[in-house]
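Remarks on the overall topology
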Amino acid sequence: MTQRNATAIGFTAVLMWALLALFTIGSAPVPPFLLNALTFAIGGTLGLIWTLRNGLGRLRGISWRVYAFGIVGLFGYHALYFTAFRIAPSAETGLMAYLWPLFIVLFAGFLPGERLRPLVLIGAVVAFAGAALIVLGRDAGGNATPLGLFLGFLCAITWAGYSTLSRRLGDVPTESVTVFCLGTAVLSALAHLAWEETVWPATGIGWLSILALGIGPVGAAFFTWDIGMKQGDIQLLGVASYAAPLLSTLALVAAGVTPASWTLLAAAVLITGGAALAARASAGAGASAGD
């Protein structure tokens, strides 16, 4: 598989994550960890079916440390995210959590065979400014606290660390993500039983939303993201990930949940511009490598 194709496959995860907010709203009033358990169970089951077609032998010989790394990465990110927003449900918390694409660009510079391309970093900062416009404009009345902001920051570090370190596991087959998802489902179920009251969807729309989450944003997305992180242009994917909050807001506008605004247009210009800078740097690096 070429790097360009792997990058394109990785970007499909961003497209699926753009529907995360819409489907999560549709799944109300299911509490967070129960929703996590249900959706990761669906995603993991679909991954298991795919793995069975390719042969369970693909999962043999993989170190338990790799499985622990993946489960801690997926569950840890979501646990920190949910806890941060329970403590400090504010736009500032969301903005801290959305530092992860920028951290991916920074962390990728320390990977073997990678170097931090200045134009990509500039693109990441420009795109982050666009994401900031969206996130800060979404819920300006929240209550930010130092602990909530710190947890949001740890959330971003966790996902960026999981994503970039996946590059070091390039020889581990993507089928391993099946175990990551199923393990995350089990830990989320335990967290639900310990801390939450069980509340099931009240309508068919709620159940369909949960199914959609498990198939896409909390299912296939983690498999395609794994391919992108291991074989694609990791820095370009980091910058392109800022399209997620933009596309998410556009999906909410299309569904009539959120009104359109000039802020959204300005954010679109910044995120697109930042991604274009990163793509230009990536193309330039590819041409240099070809020479």
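Residues numbered from 1 in each chain as written. Predicted model: local features only at pLDDT ≥ 70, side-chain atom pairs only at ≥ 80, totals over all residues. Heavy atoms only, no water.

With respect to the overall build of the protein
We count it as follows: Per the convention used, a helix needs a DSSP run of H or I reaching at least four residues, while a strand needs a run of E reaching at least two, with both numbered from the N terminus. A 1.4 Å probe and the Shrake-Rupley method give the accessible areas. Residues count as covered only by the protein chains that appear here. Under the counting rule used here, the positive set is Lys and Arg, the negative set is Asp and Glu, and His together with the chain ends is not counted. Charge coordinates come from a single atom per side chain, which is NZ of Lys, CZ of Arg, CG of Asp or CD of Glu.
Looking only at helices and strands, one finds 13 helices and 0 strands in the protein. Secondary structure elements in the protein, listed N-terminal to C-terminal, are α-α-α-α-α-α-α-α-α-α-α-α-α. With the principal axes as the frame, the protein shows a C-alpha extent of 60 × 50 × 35 Å. On the protein, roughly 13,200 Å² of surface is accessible, and the fraction owed to carbon and sulfur atoms is 70%. Of the side-chain charges in the protein, 13 are positive and 10 negative, and the distance between the mean point of each set is 8 Å.

Section: the side chain of Ser241
Keep this limit in mind: Pairing of N or O atoms within 3.5 Å defines a polar contact, subject to two protein rules: one partner must be a possible hydrogen donor and the other a possible acceptor, and residues neighboring in sequence count only if both atoms are side-chain atoms.
Tracing the sequence through the fold places Ser241 in the loop between helix 11 (234-240) and helix 12 (243-254). Among the polar contacts listed, one links the side chain of Ser241 to the backbone oxygen of Leu237, at a separation of 2.7 Å.

Topic: unusual backbone geometry
Negative phi values dominate among residues other than glycine, just as trans dominates among peptide bonds. Omega for the bond connecting Ala28 with Pro29 falls within 30 degrees of zero, at 10°, which places this linkage in the cis form. On the secondary structure map, Pro29 appears in the loop between helix 2 (20-26) and helix 3 (32-54).

Some words on the packing of helix 6 (residues 100-108) against helix 8 (residues 146-165)
The test is simple: Working convention: axes come from line fits to C-alpha atoms, limited for helices to the stretch in contact. Angles between N-to-C directions cover 0 to 180 degrees. Our angle categories are set so that under 35 degrees counts as roughly parallel, over 145 as roughly antiparallel, 65 to 115 as roughly perpendicular, and the remainder as oblique. Crossing handedness is defined as follows: a turn of the near helix away from the far one that is anticlockwise and smaller than a right angle gives a left-handed crossing, while the clockwise case is right-handed. Here a residue-residue contact requires only that any non-hydrogen atoms of the pair lie within 4.5 Å. The classification used treats Ala, Val, Leu, Ile, Met, Phe, Trp, Tyr, Cys and Pro as nonpolar, Asp, Glu, Lys and Arg as charged, and all other residues, Gly among them, as polar.
One way to put it is that helix 6 packs onto helix 8 with a least axis distance of 8 Å and a crossing angle of 45°. In terms of their interaxial angle, helix 6 and helix 8 are classed as oblique. When the axes of helix 6 and helix 8 are compared, the crossing they make is right-handed. The residues of helix 8 that touch helix 6, namely those facing Trp100, Phe103, Ile104, Phe107 and Ala108, are Phe153, Ala156, Ile157, Trp159, Ala160, Gly161, Ser163 and Thr164. Classifying every residue of the contact of helix 6 with helix 8 by side-chain character gives 10 nonpolar, 3 polar and no charged.

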